[in-house]
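As a plain string of letters, each chain reads:
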Amino acid sequence: MNGDLSWRSFACARRAVRTREICCEELVSHFLERIGEKNKHLNAFTFVRAGRALEEARAVDRDLRRGRDMPLAGLVLAVKDVICIKDLEVTCASNVLQGFRSVYDATCVARLRRAGAVIIGTTNCDEFAMGSTNENSCFGPVLNPHDQEYVPGGSSGGSAAAVAAGLCHAALGTDTGGSIRQPAAFCGVVGLKPTYGRVSRSGLVAFASSLDCVGTFACTINGAASVLESMAGLDPLDATSAPVGVPRYAKELARSVEGLKIGLPAECFADGLDGDIRRMLESLIEEFRSTGAEIQPISLAHMEYGIATYYILATAEASSNLARFDGIRYGKRARGNGSDVKRISTRSRTEGFGAEAKRRIMLGTYVLSSGYYDAYYAKAQRVRSLIRRDLDAAFEDVDVVLTPVTPSPGIRVGSLLDDPLKMYLSDLYTVPANLAGLPGLVVPVGTHPSGLPVGAQFLARPFDESRLLSVGQRAMELAQQAGGFA
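Cut-offs and rules
- Residues numbered from 1 in each chain as written.
- Predicted model: local features only at pLDDT ≥ 70, side-chain atom pairs only at ≥ 80, totals over all residues.
- Heavy atoms only, no water.
- Helix = DSSP H or I, 4+ residues; strand = E, 2+ residues; numbered from the N terminus.
- Contact = heavy atoms within 4.5 Å.
- Areas by Shrake-Rupley, 256 points an atom, 1.4 Å probe, with all protein chains shown as cover.
- Buried < 20%, exposed > 50% of the residue type's maximum accessible area, 1.4 Å probe, protein only.
- Pairing = 2+ DSSP bridges.
- Lys, Arg positive; Asp, Glu negative; His and termini not counted.
- Salt bridge = Lys/Arg side-chain N within 4 Å of Asp/Glu carboxyl O.
- Polar contact = N/O pair within 3.5 Å; in protein donor to acceptor, adjacent residues only side chain to side chain.
- Core = buried A, V, L, I, M, F, W, Y, C linked by side-chain atoms within 4.5 Å.
- Axes fitted to C-alpha atoms, helices over the stretch in contact; angles between N-to-C directions.
- Right-handed = clockwise from strand over helix to strand, strands pointing away.

Draft legend 1. Region of the structure containing the overall build of the protein. Each helix and strand in the protein was counted, giving 15 helices and eleven strands. Taken over the C-alpha atoms alone, the protein extends approximately 65 × 55 × 45 Å along its principal axes. A separation of at least 24 residues holds for 75% of the contacts in the protein among residues at least 6 apart in sequence. For the protein, the accessible area works out to roughly 18,300 Å², and carbon and sulfur atoms hold 50% of it.

Structural data, given as structure tokens:
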């Protein structure tokens, strides 16, 4: 194998595989070596499928020799440990599911495998995808490859860290309130949350069913586009998947952004945003303006209620979805409780769930309880509609919306464990996309004076991922031409 392939894009690997410069088995072996070197420090992976991944790589090599067309041949992929892979443990980083093995592949996994992707392992995350720092895991915290005193973000921090550290070409994550986009910003990679319904949720362990989305991390826009193209589309196993055609995303990246109208929400650039992040985004905006883009101020009047709305609705759905993990239907059963079902369930859940999962289950149970349902849950649903209307109105005048991703460039390890409210506020700029079901993309645009990466977030109309990806491609090009805004 020529040189270190860890930072080469999937596009480079695909060309090399198709020209027989290398084979898939060599690629997988290379990434396995990198994981062996780096994962013990980063803790990005929960399980590494060394033997199975090599077998699958050899099968891809055989199929290529036989002339089979596989668009993802050469892609080495990691999968967040909340997505089912047949015959592999899916733990959701929780003691509740330790030892549980899936008997089937999630639809997104099955589609990516058929396209030639090789799954190298599963990645660490916050327990049941609940958290913004990837410290709420029974496997321990994940560290940021750029600075190990900082978290990689959450809940898909393991996937973001694995891509950023060159342990795979791409990784699947899930995004319920920003769990792909925030880690992408913290780790300096591309993070794509598709439109709700664009990618099947069949085989995804649910956190909040009306908000959860399967998406992807990659080092390049092309890599994210290729993965989305292969896994998107209607699925009869998921009633919420949308009957909308899937474009050829990778081929549409050259789409012109001439005449692009970019909306800037005043609420996203108000007090509380780090000054250096603001300056870097303003530099990006000026670069877009110089290319002929029209920059238009907009208002998202109800954005200030986004965090409260999200944490009412998400915890309510979590309390319902996680009720099945009781040591009887699903999950590890506590010992020594005889035949008393209530005691078995109570002790199993007490022992199995971590502190953050318990907090959210209790919050959700409270807002759904008699006497509080109308005051909290029903009101939050109405505010959700208002937030969606604000965004719908904005997209009548603009093509994309540009916002920060996080108020600060990073979170130090351990700094928010005793301050969950501050942790929740880090989702301020990301939750509106989930509440409205919109696609969101984060791309790296420079380096903060602290040395940490900074990302920019773009939102688009439902199912307009093509425009989102082409705009993200242009943003990365502009940042590169400027030498990275700093």
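Draft legend 2. Representation of the pairing of strand 6 (residues 213–218) in the model. The buried fraction of strand 6 amounts to six of the six residues, a majority that puts the element mostly inside the structure. Along strand 6, one buried face is formed by Cys213, Gly215 and Phe217 and the opposite face, lined by Val214, Thr216 and Ala218, is buried too. Pairing geometry for strand 4 (residues 170–175) and strand 6, over six bridges, is antiparallel. In the sheet register, Thr174 faces strand 6, and the bridge partner there is Val214.

Draft legend 3. Region of interest: the side chain of Lys80. Among the secondary structure elements, Lys80 is positioned in strand 2 (residues 76–80). No salt bridge is formed by the buried Lys80, whose closest oppositely charged neighbour, Asp126, lies at an N-O distance of 7.2 Å. Here Ser155 takes part through its side chain, which lies 2.7 Å from a polar atom of the side chain of Lys80. Within the local environment of Lys80, its side chain forms a polar contact with the side chain of Thr174, the two groups lying 2.7 Å apart. The residues contacting Lys80, other than those within four sequence positions of it, are Thr123, Cys125, Ala129, Ser155, Ser156, Ser159, Leu172, Gly173, Thr174 and Ser179.

Draft legend 4. Region of interest: the nonpolar core. Ranked by size, the top nonpolar core spans 118 residues in total, and within it Ile83, Phe288 and Phe458 carry the most contacts. It is helix 9 (residues 306–321) that provides the largest number of residues to this core, a total of eight residues. In this structure Phe458 touches Leu284, Phe288, Val400, Val401, Leu402, Pro439, Gly440, Leu441, Val443, Leu468, Val471 and Ala475, once residues within four positions along its chain are discounted. Val17, Ala53, Met70 and Val118 belong to the second largest nonpolar core, which has 42 residues in total.

Draft legend 5. Region of the structure containing the environment of Asp464. Residue position: Asp464 is located in the loop between strand 11 (453–459) and helix 15 (465–481). Residues Asp464 and Leu438 lie 26 residues apart in sequence; the distance between their C-alpha atoms is 8.9 Å. Not counting residues up to four positions away in its chain, the partners in contact with Asp464 are Thr195, Arg255 and Pro439.

Draft legend 6. Spatial organisation of the sheet that holds strand 9 (residues 400–404). The strand order across the open sheet built from eleven strands is 1-3-2-4-6-5-10-11-9-7-8, with neighbouring strands paired in mixed fashion. Looking at which strands have only one partner, the edges of the open sheet turn out to be strand 1 (45–48) and strand 8 (294–298). Within the sheet, the average angular offset between the axes of one strand and its neighbour, ignoring direction, is 30°. Direction of pairing for strand 7 (residues 261–265) relative to strand 9: parallel, over a ladder of two bridges. Its bridge partner being in strand 9, Gly263 is matched across the sheet by Val401.

Draft legend 7. Main features of the pairing of strand 7. Counting buried positions along strand 7 yields four of five residues, so the element is predominantly enclosed. Once the chain exits strand 7 it traverses helix 8 (residues 275–290) before rejoining the sheet at strand 8, and the crossover so formed is right-handed.

Draft legend 8. Broad picture of helix 4 (residues 107–114). A large share of helix 4 lies buried, amounting to six of its eight residues. Buried within helix 4 are the following residues: Thr107, Cys108, Val109, Ala110, Arg111 and Leu112. Close packing links the buried residues of helix 4 with strand 2, strand 3 (118–123), strand 4, strand 6 and helix 7 (221–231). Backbone geometry just after helix 4 places Gly116 at a positive phi near 110°.

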